[in-house]
Amino acid sequence: MKSSKILLAVVVFILLCVGWFLYEKPEQPKPSVAPVLPTINNARLEEKKVGGGLNWELNIDSMSVDAAKQKNILKGIKGKLYRADGSFIEVIAERGEVNMLTKDIRLQDKVAVNSSRGEQLTAKELLFESSKELITATGDVVIKQKDTIAKADRAVTDKEMQQLKLIGNASIVKGGE
């Protein structure tokens, strides 16, 4: 009798283990899903100067807000960077982003810059470092000012476009194309 109780207990234990094994499913890894960013159409961003007035303003067809990375992702950009003398630089690009901590603006794809004083710049990418008021253009950079054309792989200039540094495959032609 004692051995039949032990045998019954062993059989019940084995059945419980088999049942647990058959019905327990391993936890499936959850697929990683990119977060859905809130999007705003026909948006406007601006940075004001400490003493008043605007440092820059951007009108955007579509803006996605990435709060975790503290940046706004932009599409269809038209805007202005304001200079100390009241003139401005108009910027146009297909896409870009604004770092909301530093207020730096990165523009990409068909970047075009036209100033109210007649300067023109085209590039694949442009970075405006707000705190330094520096513009860095990269990729097939062409700068036109009056009868002078400058070309380079990369160019760095101040917002006033008075100081210019050309880097990589640089050329300057005065008086023509």
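Everything in this summary refers to the structure shown in the same document. (Residues numbered from 1 in each chain as written. Predicted model: local features only at pLDDT ≥ 70, side-chain atom pairs only at ≥ 80, totals over all residues. Heavy atoms only, no water.)

1. Remarks on the layout of surface pockets
Thinking step 1. Of the pockets and cavities examined, the largest pocket occupies roughly 170 Å³.
Thinking step 2. E119, I143, Q145, T148, A150, T157, M161, Q162, Q163, L164 and I172 are the residues that line the largest pocket.
Thinking step 3. For the lining of the largest pocket, the elements supplying multiple residues, two or more each, are β7 (134–145) and β8 (148–158).
Thinking step 4. Classifying every residue of the lining of the largest pocket by side-chain character gives five nonpolar, five polar and one charged. (1 Å grid on protein atoms, 1.4 Å probe; cavity = no way out; pocket = protein on both sides within 12 Å on 5 of 7 lines; lining within 4 Å. Points joined across faces, edges and corners; volume = space filled by probe spheres on them. Helix = DSSP H or I, 4+ residues; strand = E, 2+ residues; numbered from the N terminus. Nonpolar A, V, L, I, M, F, W, Y, C, P; charged D, E, K, R; others polar.)

2. Let's talk about the environment of Y82
Thinking step 1. With respect to the secondary-structure elements, Y82 resides in strand β3 (residues 71–82).
Thinking step 2. With 78 residues separating them along the chain, Y82 and E160 place their C-alpha atoms 9.2 Å apart.
Thinking step 3. Excluding anything up to four places from it in sequence, Y82 contacts K49, L54, N55, W56, E57, S87, F88 and K159. (Contact = heavy atoms within 4.5 Å.)

3. A few points about the packing of aromatic side chains
Two aromatic rings are characterised by how far apart their centres lie and by the angle between their planes.
Thinking step 1. Counted under the stated rule, the structure contains one aromatic pair.
Thinking step 2. When the ring centre of F88 is taken as reference, the NZ or CZ atom of K80 above it lies at 4.4 Å. (Phe/Tyr/Trp six-rings, centres within 6.5 Å; stacked < 30°, edge-to-face > 60°. Lys NZ or Arg CZ within 6 Å of the ring centre and 35° of its normal.)

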